[in-house]
Amino acid sequence: IPIKNRPGFYTIRYQIQTPPKVSIIIPTRNLGTLLNQCLESVFTKTTYPNYDVIVIDNGSDEPETLDILSQWQTREPERFQCLPYGIPFNFARLNNLAAAKATGEMLLFLNNDTEVITPDWLECLVEQAQRRQPGQEGKLDIEPEDTGLGQQALAEAEFPRRVAAEQGVGAEQE
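Position labels on residues start from 1 in each chain and follow its written sequence. Thresholds applied to this predicted model are a pLDDT of at least 70 for local features of residues and 80 or more for the giving and counting of side-chain atom pairs; totals over whole chains, interfaces and linings are not thresholded and use all residues. Calculated side-chain values reflect all of the structure's heavy atoms, with hydrogen atoms and water omitted.

J.: Just checking my understanding: could you explain the overall build of the protein for this structure?
T.: Labels follow the DSSP assignment, with helices taken as runs of H or I lasting at least four residues and strands as runs of E lasting at least two, numbered in each case from the N terminus. Helix and strand counts for the protein stand at 4 helices and 5 strands. Reading the helices (α) and strands (β) of the protein from amino to carboxyl end gives β-α-β-α-β-α-β-α-β. Categorising residues by exposure relies on relative accessible area from a 1.4 Å probe, with only protein chains included: less than 20% of the type maximum marks a residue as buried, more than 50% marks it as exposed, and the intermediate range marks it as partly exposed. Residues classed as buried in the protein amount to 41% of the 174 residues present. Working definition of accessibility: Shrake-Rupley area with a 1.4 Å probe, residue cover restricted to the visible protein chains. Of the roughly 10,000 Å² of accessible surface on the protein, 51% is carried by carbon and sulfur atoms.

J.: Honestly, helix 3 (residues 91–101) in this entry has me stumped. Any pointers?
T.: Residues lying three or four places apart along an α-helix face the same way, a consequence of the helix completing one turn every 3.6 residues. Within the span of helix 3, buried status applies to Leu94, Asn95, Ala98 and Ala99. Along the long axis of helix 3, the arc covered by the buried residues comes to 135 degrees, so they all point the same way. Next to the buried residues of helix 3 lie strand 1 (22–28), strand 2 (51–57), strand 3 (80–84) and strand 4 (106–110). Definition of a polar contact: a pair of N or O atoms within 3.5 Å, with one able to donate and the other able to accept a hydrogen when the atoms are protein atoms, and with sequence-neighbouring residues admitted only if both atoms are side-chain atoms. N-cap assignment for helix 3: the residue whose side-chain oxygen lies 3.3 Å from the backbone N of Ala92 is Asn90. Arc definition: directions from the helix axis to the C-beta atoms. In this description, contact between two residues means that some pair of their heavy atoms is separated by no more than 4.5 Å.

J.: Whenever I open this one, the environment of Leu97 confuses me. Can you help?
T.: As for its placement among the helices and strands, Leu97 is situated in helix 3. Considered as a pair, Leu97 and Ile56 are 41 residues apart in the sequence and their alpha carbons are 8.1 Å apart. Sequence-distant contacts of Leu97, defined by excluding residues within four places in its chain, comprise Ile56, Tyr85 and Ile87.

J.: How should I be thinking about helix 4 (residues 121–129) in this particular structure?
T.: Of all 9 residues in helix 4, 8 are buried; the element is thus mostly enclosed. Residues of helix 4 that are buried include every one of Trp121, Leu122, Glu123, Leu125, Val126, Glu127, Gln128 and Ala129, and no others.

J.: Is there a simple way to think about the pattern of salt bridges in this case?
T.: When charged atoms on two side chains of opposite charge get close, those side chains can pair. A pairing counts as a salt bridge when a side-chain nitrogen of Lys or Arg comes within 4 Å of a carboxyl oxygen of Asp or Glu. On inspection of all chains with the given rule, the structure shows 7 salt bridges. Here Glu127 makes a salt bridge to Arg13, at a shortest N to O gap of 2.7 Å. Residue Glu127 is located in helix 4, and its partner Arg13 is located in the segment before strand 1; the two are separated by 114 residues in the primary sequence. Among the residues examined, Glu127 registers a relative accessible area of 6% and is labelled buried. With a relative accessible area of 30%, Arg13 lands in the partly exposed category. A network of salt bridges, in which partner residues are shared, links Arg13, Asp120 and Glu127.

J.: Can you walk me through the packing of aromatic side chains in this structure?
T.: Two aromatic rings, drawn from Phe, Tyr or Trp (for Trp, its six-membered ring), form a pair once their centres lie within 6.5 Å of each other, and the interplanar angle then sorts them: stacked below 30 degrees, edge-to-face above 60, tilted otherwise. Per the counting criterion, the structure on display carries 3 aromatic pairs. Ring centres of Phe89 and Phe91 lie 6.4 Å apart, and the angle between their planes is 40 degrees; on these two criteria the pair is classed as tilted. Here Phe89 falls in the exposed class, since its relative accessible area comes to 62%. Take Phe91: its relative accessible area is 42%, and that puts it in the partly exposed class.

J.: Explain unusual backbone geometry to me, please; I cannot follow it from the model alone.
T.: What is expected of a backbone is that most residues other than glycine have negative phi and most peptide bonds are trans. In the Ramachandran plot, Asn30 falls in the positive-phi region, its phi being about 60 degrees despite a non-glycine side chain. Structurally, Asn30 is set in the loop between strand 1 and helix 1 (32–45). Non-glycine residue Leu31 carries a positive phi angle of around 55 degrees. When you line up the elements, Leu31 lands in the loop between strand 1 and helix 1.

J.: Explain the pairing of strand 2 to me, please; I cannot follow it from the model alone.
T.: Side chains on a regular strand alternate between the two faces of the sheet. Burial analysis of strand 2 places 7 of its 7 residues in the buried class, which makes it a mostly covered element. Side chains of strand 2 alternate between two faces, with Tyr51, Val53, Val55 and Asp57 and Asp52, Ile54 and Ile56 buried alike. Here, the term right-handed applies to a crossover whose path from the first strand over the helix to the second runs clockwise when the strands point away from the viewer. As a crossover connection, the stretch from strand 1 through helix 1 into strand 2 is right-handed. Paired strands are those between which DSSP finds at least two bridges. In the sheet, strand 2 pairs with strand 3 via 5 bridges, with the strands oriented parallel. Paired with Ile54 across the two strands is Gln81, which belongs to strand 3. This β-α-β element, strand 2 to helix 2 (residues 63–75) to strand 3, shows right-handed connectivity.

Printed below as a string of structure tokens:
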């Protein structure tokens with residue numbers, strides 16, 4: 001597909017064989033406004049049909065955040081769940097706990113400060129992840145100008161093949 005305003009540049013797209021279910025895992029603690037922006041963008045802009053969202057909550061205690069989590073459970077009861085874990089912070093452990101509860105054939109680990117800006121973002125990742133070559137899909141960091149965010153990303157996703165939780169960390173399921 002030709003890239004707009006970039007003569008001679010193309011994007012390669014692959015046909016999705018059968019849309020696998022993707023479990024999007026988002027770890028968080030408080031920061032309800034940021035999390036809500038992330039969830040709003042995922043649920044309103046994503047065109048991929050077969051996904052769910054698991055928020056792994058590491059002890060949120062701000063009323064606003066707890067209210068936002070409750071609202072999303074009401075708004076998206078079939079595609080949203082919040083798993084509360086009040087454990088000492090361990091990013092890998094939180095993600096592994098959520099992965100063990102996920103029902104998707106593929107897992108996507110998303111930061112709570114992510115905002116979806118391209119509706120077919122998930123299709124693009126699934127297209128690549130279904131190929132036999134990659135084991136992980138990369139990310140594209142986009143920052144609005146004059147935000148002073150430094151390295152903080154607003155569009156970030158890692159997309160490894162489904163990790164078999166029962167086989168241990170890092171084991172791929174073929």
